[in-house]
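Close look at the chain arrangement
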Amino acid sequence: MSSNNNSRTLLVIALVAVVVAGTVPATVAGQAERTGGTVVVEEGETVDSLEAFGGTVIVEGTVTGDVSAVAGDVRIDGDVEGDLEAVGGSVTIAGTVQGDVEAAAGSVTITEDGVVGGTTSIGAGTVVVDGTLEGDAEIGAETIQLGESASIAGDLRYGGTLEGNTDAVTGTTEQDSSVGVDVAPTIQPIASWLFAAYALALNLVLGAALLALFPRFSDGVASRAASTPGRSGLVGLGVLVGVPVLLVAVALTVIGIPFSIVGAFLFALVVWLGLVYGRFAVGAWLLSLVGVGNHWLALVVGLVIGAALGLVPYVGDLLNLLVLLLGVGALAVGVVSHWRTARKRDREPRRGVGPDGPTTD
């Protein structure tokens, strides 16, 4: 019994570690290589250099060296004294990069407060420059927009459509259709696959912990989602819409703000659990069609299918949303059912045997 309890304790610790790594921002100190849902260099914080991979990478403080970031969103609000290499869905420079910038993204924005001291090389879908580029720039994009406050002190070599304030370029402006053509289309799919693999790994660890800790409950959630998908989906929709409204209402009371913050964290965890359970339920249902009842295999199949759908625009997102509703609803119904059963069990009279025969406490 003691060994079993120790195993469960270790699994709980592992589960908590996964939750923290996937949902809590990771701050950095010194020279760092970090992964996480959100990687942050806080305002007022100084680090030597940063290599980061995550859903979001934000630099609000100071990096005295180089920054290399692969993320869904990369944002520089502080000061990077070295070079910036960024690959992501979007890259925003609203602070200062004293060195060179190399970026490949769906969109790149250099705001009015953004300054790049070295050369700028960008391959993207769209590029907006409202800030200052103190060196030469090489930009390849479908659309390049130069704002009224834009300033490019060196030469501009570009590929794509150049719009806006072309007088912002102090040096020469040269169009070259080969600029950026091979950069963004090559790197962006790689980044998408990396994000999908990262999310899949986190979901697999969380799902494995759930199946190991709560096997009967997990199988019940999957069974419930498959047998009553309509009800589970409606309950999931109610949870996803109703809980945020309730949290906002609690926050409006001012004294309820701390409860609302804790509630928001727990709600995010519930959504994550619901997503994993939903995909697990889909995997279990698909395997049942061919007569296979292995719940570990169902977890892998469901999560892999969900990750693959995430790479399909629009249709994949819609299907994953339906799976999320299914999982959140089945999870919510399962928790309420378990709670009611526990209360009923606690209220049942305990029977024993007294000197005069059976007694009821």
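Quick summary incoming for the structure in this document. Small disclaimer: the values here were computed from a predicted structure and weren't measured. (Residues numbered from 1 in each chain as written. Predicted model: local features only at pLDDT ≥ 70, side-chain atom pairs only at ≥ 80, totals over all residues. Heavy atoms only, no water.)

With that settled, the discussion passes to the overall build of the protein chain. If you tally the helices and strands in the protein chain, you get seven helices and 19 strands. In the protein chain, which comprises 361 residues, the proportion classed as buried is 39%. Counting only contacts in the protein chain whose residues sit at least 6 apart along the sequence, the fraction spanning at least 24 positions is 25%. Put simply, the protein chain shows about 18600 Å² of open surface, and 61% of that area lies on carbon and sulfur atoms. (Helix = DSSP H or I, 4+ residues; strand = E, 2+ residues; numbered from the N terminus. Buried < 20%, exposed > 50% of the residue type's maximum accessible area, 1.4 Å probe, protein only. Contact = heavy atoms within 4.5 Å. Areas by Shrake-Rupley, 256 points an atom, 1.4 Å probe, with all protein chains shown as cover.)

Looking at where Asp-66 falls in the secondary structure, it is placed in the loop between strand S5 (62-63) and strand S6 (67-76). In this structure Asp-66 comes out as partly exposed when scored by relative accessible area, which is 40%. Separated by 32 residues in sequence, Asp-66 and Gln-98 place their C-alpha atoms 9.9 Å apart. Apart from residues no more than four positions distant in its own chain, Asp-66 is found in contact with Asp-48, Ser-49, Leu-50, Gly-82 and Asp-83. Side-chain polar atoms of Asp-66 contact the backbone nitrogen of Asp-83, separated by 2.7 Å. (Polar contact = N/O pair within 3.5 Å; in protein donor to acceptor, adjacent residues only side chain to side chain.)

Moving on, we get to helix H6 (residues 295-310). Over its 16 residues, H6 runs 22 Å from end to end, which matches the ideal 22 Å to within 8%, given 1.5 Å per residue. Residues of H6 that are buried: His-295, Ala-298, Leu-299, Gly-302, Leu-303, Gly-306 and Ala-307. Seen from one end, H6 has its buried residues packed into an arc of 155°, which puts them on one side. The N-cap of H6, judged by a side-chain oxygen 2.9 Å from the amide nitrogen of Trp-296 a few residues on, is Asn-294. (Expected span 1.5 Å × (residues − 1). Arc of directions from axis to C-beta.)

Time to look at a negative patch on the surface. Taken together, the side chains of Asp-66, Asp-83, Glu-85, Asp-100 and Glu-102 present a region of like negative charge at the surface. Tracing the backbone through its elements, the reader meets Asp-83 in the loop between strand S7 (79-80) and strand S8 (84-93). (Patch = residues over 30% accessible without salt bridge, like charges linked within 9 Å, V, L, I, M, F, W, Y side chains within 5 Å. Salt bridge = Lys/Arg side-chain N within 4 Å of Asp/Glu carboxyl O. Lys, Arg positive; Asp, Glu negative; His and termini not counted. Charge placed at Lys NZ, Arg CZ, Asp CG, Glu CD.)

One ladder, built from nine bridges, connects S8 with strand S10 (residues 101-110); its direction is parallel. Bridge pairing links Gly-88 to Ala-105 in S10. Summarising the sheet, S10 and strand S12 (residues 120-129) pair through nine bridges and their orientation is parallel. Bridge pairing links Ile-110 to Val-129 in S12. (Pairing = 2+ DSSP bridges.)

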